Amino acid sequence: MQNKVYLGRLRKNSVTRGLVAQTTILAKDLIMPCFVVEGRNKREPITTMPGIFRFSIDNLADEVEELSGLGVKAVLLFGVTGKKDNFGSQAYAKNGIVQRAIREIKKNIKDIAVISDVCLCGYIAHGHCRIIKNAFSDVDETLKALAKIAVAHAEAGADLVAPSAMSDGQVGVIRQALDKNGFRDTGILAYSAKYASSFYGPFRDALGSSPKFGDRKNYQMDFRNRNEALREIEADINQGADIVMVKPASLYLDIIYRAKQKFNITLAAYSVSAEYSLIKLGAAEGLFSEKEAVLETLTAIRRAGADLIITYHAKQAAEWLKDI
Ligand code: PBG
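Residues numbered from 1 in each chain as written. Predicted model: local features only at pLDDT ≥ 70, side-chain atom pairs only at ≥ 80, totals over all residues. Heavy atoms only, no water.

1. Thoughts on the overall build of the protein chain
(1) Moving on: Summing up its helical and strand segments, the protein chain has 11 helices and 12 strands in all.
(2) Moving on: The C-alpha atoms of the protein chain give 20 Å as radius of gyration, which agrees with the globular expectation for 324 residues (20 Å, within 12%).
(3) Moving on: Reported as C-alpha extents along the three principal axes, the dimensions of the protein chain are approximately 75 × 45 × 40 Å.
(4) Moving on: Residue burial in the protein chain is summarised as follows: out of 324 residues, 54% are buried.
(5) Moving on: The contacts in the protein chain between residues at least 6 apart in sequence include a share of 73% that link residues at least 24 apart.
(6) Moving on: Approximately 15600 Å² of the protein chain is accessible, and the part contributed by carbon and sulfur atoms is 50%.
(7) Moving on: Charged side chains of the protein chain number 44 positive and 37 negative; the gap between the two group centres comes to 3 Å. (Helix = DSSP H or I, 4+ residues; strand = E, 2+ residues; numbered from the N terminus. Rg over C-alpha atoms; globule rule 2.2 N^0.38 Å. Buried < 20%, exposed > 50% of the residue type's maximum accessible area, 1.4 Å probe, protein only. Contact = heavy atoms within 4.5 Å. Areas by Shrake-Rupley, 256 points an atom, 1.4 Å probe, with all protein chains shown as cover. Lys, Arg positive; Asp, Glu negative; His and termini not counted. Charge placed at Lys NZ, Arg CZ, Asp CG, Glu CD.)

2. Some thoughts on the pairing of strand β3 (residues 53-56)
(1) Moving on: Of the two faces of β3, the one lined by F53 and F55 and the one lined by R54 and S56 are each fully buried.
(2) Moving on: Taken together, the three bridges between strand β1 (residues 30-37) and β3 define a ladder with parallel strand orientation. By the bridge assignment, F35 is partnered in β3 with R54.
(3) Moving on: As paired strands, strand β2 (residues 43-45) and β3 are joined by three bridges and run antiparallel to one another. Across the sheet, P45 pairs through a bridge with F53, a residue of β3. (Pairing = 2+ DSSP bridges.)

3. Digging into the packing of aromatic side chains
(1) Moving on: Evaluation of the coordinates by the stated rule reveals nine aromatic pairs.
(2) Moving on: Where F35 meets F203, the ring centres are 5.8 Å apart and the plane angle is 50 degrees; that geometry is what we call tilted. One end of the pair, F35, is in strand β1; the other, F203, is in helix α6 (residues 201-207), and 168 residues separate them in sequence. Summarising the burial analysis for this pair, F35 and F203 share the class buried.
(3) Moving on: Through a chain of ring-to-ring contacts, the aromatic side chains of F35, F78, Y191, F203, Y270, Y276 and Y312 assemble into a single cluster.
(4) Moving on: Taking NZ or CZ as reference, K247 lies 4.8 Å from the ring centre of Y270, over its face. (Phe/Tyr/Trp six-rings, centres within 6.5 Å; stacked < 30°, edge-to-face > 60°. Lys NZ or Arg CZ within 6 Å of the ring centre and 35° of its normal.)

4. Remarks on the layout of surface pockets
(1) Moving on: Approximately 590 Å³ is the volume found for the largest pocket.
(2) Moving on: The greatest single-element share of the lining of the largest pocket, amounting to seven residues, is contributed by helix α10 (residues 290-304).
(3) Moving on: In terms of residue class, the lining of the largest pocket is made up of seven nonpolar, six polar and five charged.
(4) Moving on: Each pocket or cavity is described by its volume, and for the second largest pocket that value is around 280 Å³. (1 Å grid on protein atoms, 1.4 Å probe; cavity = no way out; pocket = protein on both sides within 12 Å on 5 of 7 lines; lining within 4 Å. Points joined across faces, edges and corners; volume = space filled by probe spheres on them. Nonpolar A, V, L, I, M, F, W, Y, C, P; charged D, E, K, R; others polar.)

5. Description of the nonpolar core
(1) Moving on: Ranked by size, the top nonpolar core spans 114 residues in total, and within it F35 and L77 carry the most contacts.
(2) Moving on: Ignoring sequence-local partners within four residues, the contact set of F35 consists of I46, M49, I52, F53, R54, F55, F78, V80, F203, A206, L207 and Y312. (Core = buried A, V, L, I, M, F, W, Y, C linked by side-chain atoms within 4.5 Å.)

6. Digging into the site of the ligand
(1) Moving on: If you check the shell around the ligand, you find 17 residues, and the closest are R204, R216, K247, S273 and Y312.
(2) Moving on: Separating a nitrogen atom of the ligand from a side-chain N or O atom of K194 is a distance of 3.5 Å.
(3) Moving on: The separation between a nitrogen atom of the ligand and a polar side-chain atom of K247 is 3.5 Å.
(4) Moving on: Considered on its own, the ligand offers 400 Å² of accessible surface; in the complex 100% of this is hidden by protein.
(5) Moving on: The pocket occupied by the ligand, as judged from atoms lying within 2 Å of grid points, is the largest cavity.
(6) Moving on: Of the residues assigned to the shell around the ligand, the class counts are nine nonpolar, three polar and five charged. (Near = heavy atom within 4 Å. Polar contact = N/O pair within 3.5 Å; in protein donor to acceptor, adjacent residues only side chain to side chain. Sits in = over half its atoms within 2 Å of the grid points.)

Any functional reading would require information beyond the geometric quantities listed.
Shown next as structure tokens:
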């Protein structure tokens, strides 16, 4: 007679569960997004993202030092500015907020990578990720501006630049500009498969980057689609991306899975602002333990195939992971 299949045996205690666990997360797999503002000694709370702050450069440097102490190996910087125009010129100004923040971090902290978001939406008056002329996007001017931003960040010392504008050709143009200006060692983390998502709402509050008209559906991806996600990733790899990204993360595990199966490249997933805030609010309402919910979510994103996870929970998770 055959034995009954009995699958509970290895679940009986945490030791045997740990022994056979297939998915792990380490602090070094997490990337913390950080918002940086003008001023001194600022730590402005963001109402829709409890626990996340806009830091002035001095305080950001302290925060990054703490993250580094927790074993986090990278931060992703976003600049917040009041000085917006129709070209996003503050984004590539020599003394732009992100450029100064990168210099400050690089001056003091050695064992953390600085990644900088390369986009126009936070710097352009209308809040779109592109330059608009006569009601149409100006593709050439947008690509030129993105290349200038990437070079400005590289000059300041960014380890990787992260183009997030969803402009076709952005990775290639940035790669060429970096090489031409002597930054062959600056990498590109491409926001390759970036969907037009409701889950970016809190981030836009943090940055003041909501589009003043229309939406981003004519450049970010349609969430009904999967094939083009793979084509976007392939295009970015061909243009020189060093790391590719799927964004958002939790609702897009199928895309992460497919991307990991298909491409032999480091894959990042961005667990975006509302993914963070929903867990925070749910935990505050007593729906679940924040720690358990976060670790389950991050593990699921890794299980689907992400090598790196960009998450606003990076700092807290790194603390929790110390005891696991
Ligand atoms: C766009 C950009 C977005 C995010 C980062 N860079 C999305 C958007 O505003 O369309 C979202 C990140 C998040 O929600 O955490 N340049």
